[in-house]
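Examining the three-dimensional arrangement
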Amino acid sequence: MSTNAPDFYSHKYELKLNGKTAKASDRTSWRFLLPGIVFGSLLLLLGICELFIGLDYTNPNVAQIIPLEEHVAIDPLITPVFFDIVFMIVGLGMIAAGVFSYLQYRKYIYDGKRVYIGLRSALGNKKIFEENIKNYQGVRFRIEFYQCGFITANKYIIELYHKDPNKIVPLYISTSPQGVRKKWKDYARYFKLPAVVNTDEGLIKRDLKNLNKSIQEMSKLGFVVDEYDSYEPLPNSIKYVRRRDKIVIKCKRIWDVYNLLAWFAIVMASGLIFIMLPKINVLRQSAPLLFYSVATIVALAIVMAIFILFRREKLVLKKNKIVNTHKYMFFSTKHDEMMKNDIEAIEVSENPATGRFFVSIISEDKTIAFGKKLCVDELRWIKRFLIHEVIK
């Protein structure tokens, strides 16, 4: 992660400036931690039950399912006790991670002139920082990606920017882009600081008087220049299609390190299921309803994961609007759309969580993030092309 972009815990947060003072806490919500804690508890209980109870093959009821002679013939390469212990360790780890994540937090207090910051680690260590509001360089807007299972989602963050990452103050955090740019402007006006954003060219400051202007208006004033060259070679990872009434830009690249990690997780889970086949067969015969219910859920989860891993991004440029769609194996879905005359900024923005970049298309109440797996040069071509299409 970038050193000047702290990893905030919250997914929904706002420092409400109703008067001269304000305070808020940045903490991971139980809503995001509870699934991991519940799943970890189930793994822990499963490991304990299998380790201390297991299947008694001398029991007549069990012998009806797995005869004794079949049990004796089984010669596993790895003892079942090993997997029981692994389940217990993984379960404990997931529970501990959830508890420690909730214990750590940040508190922010603003008294009209100074900001006070309290940091508490998961182990209980505390640090206090304070800073005069005049020492902040601006109000920064950024988009951060976070992993939610197999799905990558966006977190929209507005913050008081300081060179010292410990003194950066979150003002607004949300997983919805609705109205984020307006809040960015409002915070910048309130603190009388410039609006700043991280791009491929570094930290760029935006004059407050131009934040409400569209790219088309900025072009007429000379602040935005059309630098697109129609003879420039098309980047290798981009597919360009000109149709009768629209232009389509597709990302050919669908693989990155996160896809590989996801496939590794699927392969490991499949291997674990294969190893557990003898016990799964017992469950099928002893509790068929539970078995088929769990099998259906697992199958649907695997199918959904494969669809998501093969997803491609696509931009459709029509006469008056830009449509962002997601292309799956057999169908496409419209993710978002934006009218061209509403677009106020097109930037190659940084994702501090990975150090990579993407194209952000921003209006007053929407943000489209495109090209998360492309390199910077390819994203710059998309930026130049989009600006050309919006202002021509």
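Residues numbered from 1 in each chain as written. Predicted model: local features only at pLDDT ≥ 70, side-chain atom pairs only at ≥ 80, totals over all residues. Heavy atoms only, no water.

Comments concerning the sheet that holds strand β5 (residues 126-132)
- One open sheet holds the 4 strands; their spatial order is β2-β3-β4-β5, and the pairing between them is antiparallel. The strands lining the two open edges of the sheet, one partner per strand, are β2 (22-27) and β5. The sheet shows a mean angle of 15° between the axes of neighbouring strands, taken without regard to direction.
- In terms of strand pairing, strand β4 (residues 114-120) meets β5 through 7 bridges, oriented antiparallel. (Pairing = 2+ DSSP bridges. Helix = DSSP H or I, 4+ residues; strand = E, 2+ residues; numbered from the N terminus. Axes fitted to C-alpha atoms, helices over the stretch in contact; angles between N-to-C directions.)

Notes on empty space enclosed by the protein
- Within this structure, the stated rule accounts for 2 cavities of 30 Å³ or more.
- In terms of lining, the largest cavity is formed by Phe141, Arg142, Ile143, Val197, Asn198, Ser349, Glu350, Phe358, Ser360 and Ile362.
- Taken together, the elements giving at least two residues each to the lining of the largest cavity come down to β6 (138-148), β9 (195-199), β16 (345-351) and β17 (356-362).
- Taken together, the residues of the lining of the largest cavity sort by class into 5 nonpolar, 3 polar and 2 charged. (1 Å grid on protein atoms, 1.4 Å probe; cavity = no way out; pocket = protein on both sides within 12 Å on 5 of 7 lines; lining within 4 Å. Points joined across faces, edges and corners; volume = space filled by probe spheres on them. Nonpolar A, V, L, I, M, F, W, Y, C, P; charged D, E, K, R; others polar.)

Description of the nonpolar core
- In terms of nonpolar packing, the biggest core is built from 41 residues, with Val139, Ile158, Leu160, Val169, Leu171 and Phe191 touching the most fellow members.
- Those residues within four positions of Phe191 in sequence are excluded, and the remaining contacts are Leu17, Tyr110, Ile133, Val139, Leu160 and Leu171. (Core = buried A, V, L, I, M, F, W, Y, C linked by side-chain atoms within 4.5 Å. Buried < 20%, exposed > 50% of the residue type's maximum accessible area, 1.4 Å probe, protein only. Contact = heavy atoms within 4.5 Å.)

Section: the environment of Asn341
- Structurally, the position occupied by Asn341 is in the loop between β15 (332-339) and β16.
- For the pair Asn341 and Val390, spaced 49 residues apart in sequence, the C-alpha to C-alpha distance is 7.5 Å.
- For Asn341, the residues in contact, after removing those within four places along its chain, are Ser214 and Gln216.

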